[in-house]
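Structural features, examined
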Amino acid sequence: MSGIIETARQLVSPGKGLLAADESLPTIKKRFDPQGIASTEETRRAYRDLLFTTPGMENCISGVILFEETLRQATASGDPFPQLLAKRGIIPGIKVDAGTAPLGADTTETMTKGLEGLPERLSDFRRRGARFAKWRAVIHIDGDRLPTAAAISANATSLARYARDCQDADLTPIVEPEVLMDGSQNIDRSADVTRATLDAVFKALDKAGVRLEGMLLKPNMVVPGAHSGQTQTPEQIADATLECLRSSVPPQVPGILFLSGGQSPEVSTRNLRAIVRRAGAAPWRLSFSFGRALQDEALAAWKGRSQNLEAAQSAFLRRAEILSEAVRAPSGR
Ligand code: 13P
């Protein structure tokens, strides 16, 4: 049990956050397509090789979330990725959910798959070097109609079962209930749904006997829906986000690592900086676990061409350094 607590603490070391490089096969294809990169086992390997061998990233990145295929891949010189990361002082983690499926016949609401056979898979991942795991549940807002209480409850229950299975397998769970940022809801509606979701998740975690000291939360920031027409300052977003977290997240949770959720690198960095600055003496450490916002600039610089490798690595490092600076609160927390 002490291992999972120690890993949770290390993942939220001051000035460090996570790189979410756990895109599934359909998702990485979606990221590669606009850059004209074919998604093959080798291009996916070469791309992750580029990211994980970036000099200096260990000063800003405490852990990397891998996809199952990536956990088994290696650098061009033959170092398995999990061992390469560990050698650099970066903790390897693994996405263990199997994506989402519709909750019913005629609804857009979803339920995350992957609980079947999970304990066996977790032991295998741990043997291969993973020290933490991630499971993403998705909550859809549609006016006052969605989410339904049933969707919130089903997703909270499976997140809690996953988290318990992880702790039993000596892996630190990252619990990710993502309230989607698309849609036309205003910030108040986003806040209400985020709070209801977090309340349900922590109730389910408690019921499942999950040790809060040995887990991390990965939530969305509270923002207006992308199609709402509403604009809010980073300070307003920070205050709405912190109000939700203060009312729903117990102080024993060591850290909260935000997802970027489709916000651009600049916008997500600006909002994260405001959240950290305005958090004051919050009980948890606040940082990032970004996918797109950490990678978009590197991917655009790379374009799948080996001659662009250095430019891509320096774009990646630059964003990681800006984020690292953003999460170093003035108080040094
Ligand atoms: P984004 O930062 O691109 O939202 O990805 C984070 C993530 O891991 C989603 O599960």
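Residues numbered from 1 in each chain as written. Predicted model: local features only at pLDDT ≥ 70, side-chain atom pairs only at ≥ 80, totals over all residues. Heavy atoms only, no water.

As a reminder of what qualifies: UniProt positions are given in the numbering used here, feature names are shortened, and annotations may be inferred rather than shown by experiment.
Looking at an unreviewed UniProt entry, the chain carries the name Fructose-bisphosphate aldolase, with the source organism given as Hypericibacter terrae. Entered under Catalytic activity (unreviewed entry) in the UniProt record, the comment concerning the chain runs "beta-D-fructose 1,6-bisphosphate = D-glyceraldehyde 3-phosphate + dihydroxyacetone phosphate". Under the UniProt heading Sequence similarities (unreviewed entry), the note attached to the chain is "Belongs to the class I fructose-bisphosphate aldolase family."

**Concerning the pairing of strand β7 (residues 172-179)**
To be explicit about the condition: Note on exposure labels: buried denotes an accessible area under 20% of the residue type's maximum, exposed denotes more than 50%, and partly exposed covers the range between, all computed with a 1.4 Å probe on protein chains only. Segments assigned H or I by DSSP are reported as helices when at least four residues long, segments assigned E as strands when at least two residues long, and all are numbered from the N terminus. DSSP calls a pair of strands paired once it identifies at least 2 bridges connecting them. The definition of a right-handed crossover adopted here requires that, viewed with the strands pointing away, the path from the first strand over the helix to the second runs clockwise.
For β7, the tally of buried residues reaches eight of eight residues, placing the bulk of the element in the interior. Neither face of β7 is left uncovered, since the one carrying Thr172, Ile174, Glu176 and Glu178 and the one carrying Pro173, Val175, Pro177 and Val179 both have all their residues buried. Where strand β6 (residues 132-139) meets β7, eight bridges bridge the pair, whose relative direction is parallel. Considered in β7, the bridge of Arg136 is made with Glu176. As paired elements, β7 and strand β8 (residues 216-217) share two bridges and run parallel to each other. In the strand pairing of β8, Ile174 is matched with Leu216. Read as a crossover between parallel neighbours, the route from β7 over helix α8 (residues 187-207) to β8 is right-handed.

**A look at the site of the ligand**
Basically, it comes down to this: Working definition: residue near molecule or strand if any one of its non-hydrogen atoms lies within 4 Å of it. Here a polar contact means two N or O atoms within 3.5 Å. Within protein one must be a hydrogen donor candidate and the other an acceptor candidate, and residues neighboring in sequence count only if both atoms are side-chain atoms. Here the accessible surface of atoms and residues is derived via Shrake-Rupley with a 1.4 Å probe, and residues count as covered only by protein chains that are part of the display. We call Asp, Glu, Lys and Arg charged. Ala, Val, Leu, Ile, Met, Phe, Trp, Tyr, Cys and Pro are nonpolar, and the rest, Gly among them, are polar.
Surveying the vicinity of the ligand reveals 13 residues, the closest of which are Lys134, Lys218, Ser260, Gly261 and Arg292. One nitrogen or oxygen atom from the main chain of Gly291 is found 2.8 Å from an oxygen atom belonging to the ligand. Coverage of the ligand by the protein chains reaches 91% of its 300 Å² of free accessible surface. At the level of elements, β6 and β10 (285-290) are the ones that each hand at least two residues to the shell around the ligand. Here the residues of the shell around the ligand sort into three nonpolar, four polar and six charged.

**Here's the deal with the packing of helix α10 (residues 265-278) against helix α11 (residues 292-302)**
Let me state the cut-off plainly: Axes here refer to lines fitted to C-alpha atoms; in helices the fit is confined to the stretch in contact. Angles between the N-to-C directions go from 0 to 180 degrees. Each crossing gets its hand from how the near helix is turned against the far one by less than a right angle, where anticlockwise is left-handed and clockwise is right-handed. In this analysis, two residues are considered to be in contact whenever any of their non-hydrogen atoms come within 4.5 Å of each other.
One way to put it is that α10 packs onto α11 with a least axis distance of 8 Å and a crossing angle of 145°. Crossing angle aside, the handedness with which α10 passes α11 is left-handed. For the pair α10 and α11, contact is made by Pro265, Glu266 and Ser268 and by Ala293, Asp296 and Glu297, respectively. In terms of residue class, the contact of α10 with α11 is made up of two nonpolar, one polar and three charged.

**Structural notes on the pattern of salt bridges**
As a reminder, the rule being used: Each salt bridge in this description consists of a side-chain nitrogen of Lys or Arg and a carboxyl oxygen of Asp or Glu lying within 4 Å of one another.
Evaluated as defined, the whole model comprises 28 salt bridges. Between Asp142 and Arg145 there is a salt bridge, with its nearest N and O atoms 3.0 Å apart. Residue classification places Asp142 among the partly exposed residues on the basis of a relative accessible area of 38%. For Arg145, a relative accessible area of 58% puts it in the exposed group. The residue Arg319 makes a salt bridge to Glu266 at a minimum N-O spacing of 3.7 Å. Here Arg319, found in helix α12 (residues 309-327), pairs with Glu266, found in helix α10; they are 53 residues apart in sequence, far enough to count as distant.

**Describing the packing of aromatic side chains**
Under the convention used in this document: Under the pairing criterion, centres of Phe, Tyr and Trp rings, with the six-membered ring standing for Trp, must be within 6.5 Å; the plane angle then separates stacked pairs below 30 degrees from edge-to-face pairs above 60, leaving the rest tilted.
Overall, the coordinates contain six aromatic pairs when judged by the stated rule. Grouped by ring-pair contacts, the aromatic residues Phe32, Tyr47 and Trp302 constitute a single cluster.

**A look at the environment of Gly63**
By the element assignment, Gly63 lies in strand β2 (residues 61-66). Sequence separation between Gly63 and Ala86 is 23 residues; the distance between their C-alpha atoms is 9.1 Å. Residues within four places of Gly63 in sequence aside, it is in contact with Leu11, Gly17, Leu18, Leu19, Ile90, Ile91 and Phe132.

**Some words on the side chain of Arg44**
Among the structural elements, Arg44 can be located in helix α3 (residues 41-52). A relative accessible area of 9% means that Arg44 is categorised as buried. Setting aside chain neighbours within four positions, we find Arg44 in contact with Leu25, Ile28, Phe32, Ser39, Glu69 and Gln73.

**Some remarks on the confidence of the model for the chain**
Under the convention used in this document: pLDDT is a per-residue confidence score from the predictor, ranging from 0 to 100.
Averaged over the chain, the pLDDT score is 97; the fraction of residues at 70 or greater is 98%. The ipTM, which scores confidence in the relative placement of chains, is 0.94 for this predicted complex, and the corresponding pTM is 0.98.

**As for the nonpolar core**
What counts, and what does not: We define the nonpolar core as a collection of buried residues of types Ala, Val, Leu, Ile, Met, Phe, Trp, Tyr and Cys that are connected through side-chain atoms lying within 4.5 Å of one another.
One finds Leu19, Phe52, Ile61, Val64 and Tyr162 to be the most contacted residues of the largest nonpolar core, which totals 84 residues. For this core, the element with the highest residue contribution is α8, accounting for seven residues. Excluding residues within four positions of it along the chain, Leu19 makes contact with Leu51, Phe52, Met57, Ile61, Gly63, Val64, Ile65, Phe290, Leu294, Gln295 and Phe316. Grouped together as the second largest cluster of nonpolar side chains are 11 residues, Leu18, Ile65, Ile91 and Leu257 included.

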